[in-house]
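Below, each chain spelled out in residue letters.
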Amino acid sequence: MTISQRIDAAYEYIRTRTDAAPAVGLILGSGLGDFCDRLEGRTVVPFAEIPGFPVSTVEGHAGAFVFGTYRGQAVAALQGRIHYYEGYDQQEITLPVRVMARLGVRSLVLTNAAGGVNLDFAAGCLMLIADHINFSGRNPLIGPNLDQFGPRFPDMSDIYTRALREKIRPLAAQAGIDLREGVYMMYSGPSYETPAEIRCFRTMGADAVGMSTVPEAIVARHCGMDVVGVSCITNMAAGVLDRKLDHSEVVETARRVKGDFTRLLEIILDVLRG
Ligand code: HPA
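Attention in this report is confined to the structure presented alongside it. (Residues numbered from 1 in each chain as written. Predicted model: local features only at pLDDT ≥ 70, side-chain atom pairs only at ≥ 80, totals over all residues. Heavy atoms only, no water.)

Turning our attention to the overall build of the protein. Counting secondary structure elements, the protein contains eight helices and nine strands. Compactness check: the protein gives a C-alpha radius of gyration of 17 Å against a globular reference of 19 Å for 274 residues, within 12% of the reference. Once the C-alpha set of the protein is aligned to its principal axes, its extents read approximately 50 × 40 × 35 Å. Per-residue burial over the protein gives 54% buried out of 274 residues. Put simply, of all contacts in the protein between residues at least 6 apart along the chain, 83% involve residues at least 24 apart. (Helix = DSSP H or I, 4+ residues; strand = E, 2+ residues; numbered from the N terminus. Rg over C-alpha atoms; globule rule 2.2 N^0.38 Å. Buried < 20%, exposed > 50% of the residue type's maximum accessible area, 1.4 Å probe, protein only. Contact = heavy atoms within 4.5 Å.)

Residues in contact with the ligand, as listed here, are A113, A114, G115, Y192, E193, V209, G210, M211, T234, N235, L245 and V250. Interatomic distance of 3.4 Å between a backbone N/O atom of G115 and a nitrogen atom of the ligand. Between the ligand and N235 there is a distance of 2.7 Å, counted from a nitrogen atom to a side-chain nitrogen or oxygen. Relative to its unbound accessible surface of 260 Å², the ligand loses 95% to contact with the protein. (Near = heavy atom within 4 Å. Polar contact = N/O pair within 3.5 Å; in protein donor to acceptor, adjacent residues only side chain to side chain. Areas by Shrake-Rupley, 256 points an atom, 1.4 Å probe, with all protein chains shown as cover.)

Residue placement: E193 occurs in the loop between β7 (179–186) and α5 (195–204). What E193 contacts, discounting residues up to four positions off in sequence, is Y187, I198, F201, V209 and A238.

Here the focus is the side chain of S107. One can find S107 in strand β5 (residues 107–116). Residues within four places of S107 in sequence aside, it is in contact with A23, V24, G25, D226 and L272.

With that settled, the discussion passes to unusual backbone geometry. With an omega dihedral of 0 degrees, the bond running from G189 to P190 counts as a cis peptide bond. For P190, the location among the structural elements is in the loop between β7 and α5. Despite not being glycine, R71 has its phi angle at roughly 45 degrees, a positive value. Turning to its location among the elements, R71 is positioned in the loop between β3 (64–70) and β4 (73–79). Residue R71 is classed as partly exposed on the basis of its relative accessible area, which comes to 46%. For T213, which is not glycine, the phi dihedral falls at a positive 70 degrees. The topology assignment puts T213 in the loop between β8 (208–210) and α6 (214–222).

What follows covers the state of the cysteines. Taken as a whole and assessed by the stated rule, the structure comprises zero disulfides. The thiol of C232 is unpaired, and the distance to the nearest cysteine sulfur, on C125, comes to 9.0 Å. (Disulfide = S-S within 2.5 Å.)

Counted according to the given criterion, the structure contains seven aromatic pairs. Relative to F53, the ring of F47 has its centre 5.1 Å away and its plane inclined at 70 degrees; by these criteria the two rings are edge-to-face. Exposure remark for F53: the relative accessible area of 8% places this residue in the buried category. Relative to F65, the ring of F47 has its centre 5.6 Å away and its plane inclined at 65 degrees; by these criteria the two rings are edge-to-face. In this pair, F47 is assigned in the loop between β2 (40–46) and β3 and F65 in strand β3, connecting sequence segments 18 residues apart. F65 gets classed as buried once you look at its relative accessible area, which sits at 0%. An aromatic cluster is defined as three or more aromatic residues linked by ring pairs; in this entry it consists of F47, F53, F65 and F67. One residue, R98, lies across the ring of F149, its end atom 4.9 Å from the ring centre. (Phe/Tyr/Trp six-rings, centres within 6.5 Å; stacked < 30°, edge-to-face > 60°. Lys NZ or Arg CZ within 6 Å of the ring centre and 35° of its normal.)

What follows is the structure in structure tokens.
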């Protein structure tokens, strides 16, 4: 099946399961997935059920769409995103974003766990993504353009919608959330970066580094969606502190900041409701 046919097949299948009309999409990062449980009237559609859909290989993250409402607002959430490092092409890992577009999603909230590259950051900070650097070595729009979604050469100058960030920042400050803002750099993973790479990325203008988000953001923007991105700085990146990186630290920090992270998501969803 072509990518277009896979998008259509997934859309048709989901329509047999729900008539949800979400305007907002949500993709939750490592250790940040619990928010899906707060959606009311949930319909869960596992990727494994959807014809032609990639299935996440990360343990405990098989992947599913979760449809529901949050404070009356219809939301399509993704539980367990698929990562480039799992071996799928970026066109495939962004299929869920295209399907969301077909379902009517106009704004996408992307969250991730990331390493802090900016030396003013510390584990536990939240960072609003102002812009990104695609250092993955690939672009999800490579291949025939899907004209029904957007143009061949889409503009990326305001990929993380500035007008939304300007509304979110003061509300986060009022809520007492220490919200930073900066540039997210995508590294393919799955190995963590080396200290030399992190020094290089800092020179290149990165504030945080992670293994996701950029492909989804590019595809969402291609579809004309507004994009909001939030990184949870779960650890300082390699070489910043004199110790090794471990995935358990990522999960542990994400758990520790869950309260602030959830309040920030609530603020973002309120802003998107308008
Ligand atoms: N590097 C890349 N990805 C990450 C990191 C990191 O230090 N922490 C969480 N995700």
